[in-house]
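Results of the structural survey
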Amino acid sequence: MSCSIELKNVSQSFQSNCSDSNSCESNTSKNNVSTITLFENLNLSISQGQSYAITGPSGAGKSSLLMLLSGLEKPSSGQGCFNNDNHTSALDNLRSEIGFIFQQFHLLPELTALHNIALPLKLRGDKQAIKKAKHWLAKVGLSKRANHKPSQLSGGEQQRVAIARALVFSPKFIFADEPTGNLDQHNANEIADILFACCQENNAGLVIVTHSNVLASKAQNIYSLANGELTKTNASLITPIFEEQQVEKVVINTAQVAPC
Ligand SMILES: Nc1ncnc2c1ncn2[C@@H]1O[C@H](COP(=O)(O)OP(=O)(O)OP(=O)(O)O)[C@@H](O)[C@H]1O
Ligand SMILES: [Mg+2]
């Protein structure tokens with residue numbers, strides 16, 4: 001049974017105190033409160049089993065949009081809903097069905113890599129939590145780091161743990177904020193292959209925010225967010241020229257990606 005997430009006429013803006021009058025913009029009120037509007041009346045629907053990439057310049061609001069899509073934050077106005085068969089509910093109800101890979105990982109510092117990955121399963125009362133977490137640790141190539149805490153891992157290794165933690169409980173939707181941003185090109189390709197292969201196998205929806213055209217071009221649907229406008233992009237218009245030069249020697253064998 002397939003389901004979808006829908007944002008209807010969603011707007012997101014933030015207010016902040018503007019203490020330095022020189023840096024304030026024209027949308028600053030008399031009491032020095034400035035409003036940053038990221039987007040207005042934006043509409044987007046994502047379906048389970050499909051992959052999506054959202055690209056755009058830094059500060060355009062990509063991470064903010066991902067937080068709204070996943071139901072982790074609420075929009076300033078408009079509505080987000082989860083459609084399951086003929087039933088529609090608020091996005092808050094989706095928490096247990098989503099895996100989120102944060103731009104800053106958000107691993108628990110006091111837990112080892114293994115226990116960080118096992119946590120979502122333990123919270124669901126899964127008695128196989130450690131066994132499944134070990135399987136995922138191996139899938140992201142970190143079996144030898146099971147007992148290391150995040151502070152003892154490199155940025156790229158922490159990224160792999162965060163990805164395993166998001167996928168370990170087979171969620172219906174995976175949201176990934178720059179999931180390969182801290183990886184070299186070879187590892188970025190490996191991790192991208194794991195993400196796409198696992199989402200396909202589990203029929204999960206995958207939404208990736210990325211600055212990488214190589215990664216974006218792997219998605220079935222590509223959007224660009226800039227100047228408050230979300231535009232669907234034709235994959236053939238994405239030209240990963242520079243990145244292609246970097247990856248031309250990397251042979252990607254998707255057959256090597258272990259099944260989920
Ligand atoms: N809670 C908040 N309060 C105030 N401003 C915020 C808040 N969250 C985000 N912003 C602002 O919204 C803008 C967009 O932020 P966001 O993190 O969504 O951008 P982004 O497109 O993901 O950028 P990047 O590619 O650099 O990660 C930024 O200017 C940011 O400072
Ligand atoms: Mg961001």
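What counts and what doesn't
- Residues numbered from 1 in each chain as written.
- Chains lettered and ligands numbered in written order.
- Predicted model: local features only at pLDDT ≥ 70, side-chain atom pairs only at ≥ 80, totals over all residues.
- Helix = DSSP H or I, 4+ residues; strand = E, 2+ residues; numbered from the N terminus.
- Buried ≥ 20, exposed ≤ 12 C-beta atoms within 10 Å, placed from the backbone.
- Contact = placed C-beta atoms within 7 Å.
- Near = placed C-beta within 6 Å.
- Nonpolar A, V, L, I, M, F, W, Y, C, P; charged D, E, K, R; others polar.
- pLDDT = per-residue confidence, 0-100.
- Arc of directions from axis to C-beta.
- Pairing = 2+ DSSP bridges.
- Axes fitted to C-alpha atoms, helices over the stretch in contact; angles between N-to-C directions.
- Core = buried A, V, L, I, M, F, W, Y, C linked by C-beta atoms within 7 Å.

Looking only at helices and strands, the protein chain has seven helices and ten strands in total. Out of the 260 residues belonging to the protein chain, those deemed buried represent 39%. Contacts in the protein chain between residues far apart in sequence, at least 24 positions, make up 70% of those at least 6 positions apart.

If you check the shell around ligand 1, you find Phe14, Ser16, Ile36, Leu38, Gly56, Ser58, Gly59, Ala60, Gly61, Lys62, Ser63 and Ser64 and nothing else. For the shell around ligand 1, the secondary-structure elements that each account for two or more residues are strand S1 (3–17), strand S2 (33–47) and helix H1 (62–69). Considering each element in turn, the shell around ligand 1 owes the most residues, three residues, to H1. Here the residues of the shell around ligand 1 are counted per class, giving four nonpolar, seven polar and one charged.

To continue, consider the confidence of the model for the protein chain. On average, residues of the protein chain score 86 in pLDDT, and 85% of them reach the 70 mark or higher. Counted against residues more than four places away or in other chains, residues 244–258, with its pLDDT under 50, gives 15 contacts.

Looking now at helix H3 (residues 129–139). Turning to H3, its buried residues number three or more, namely Ala129, Ala133, Trp136, Leu137 and Lys139. In a view along the axis of H3, the buried residues occupy a sector of 155 degrees, so they form one face of it. Looking at the buried side of H3, the elements it contacts are helix H2 (113–123), helix H4 (155–167) and helix H5 (185–201). Just beyond H3, the residue with positive phi is Gly141, at close to 75 degrees.

Strands sit in the order S6-S7-S8-S3-S9-S10 across an open sheet of six strands; the sheet is mixed. Of all strands in the sheet, those bounded by a partner on one side alone are strand S6 (98–101) and strand S10 (229–233). Ignoring strand direction, the axes of neighbouring strands in this sheet form an average angle of 15 degrees. Inspection of the sheet shows strand S7 (residues 173–177) paired to strand S8 (residues 205–209) by five bridges, in the parallel sense.

We now examine the environment of Leu65. Here Leu65 shows up in helix H1. For Leu65, a count of 26 C-beta atoms within 10 Å puts it in the buried group. Beyond its immediate sequence surroundings of up to four residues, Leu65 is in contact with Ile54 and Leu225.

If you look at the biggest cluster of nonpolar residues, it comprises 66 residues, and the most contacted ones within it are Ile117 and Phe175. With seven residues, the top contributor of residues to this core is H5. Those residues within four positions of Phe175 in sequence are excluded, and the remaining contacts are Leu66, Leu69, Ser70, Ile98, Phe100, Ile101 and Val207.

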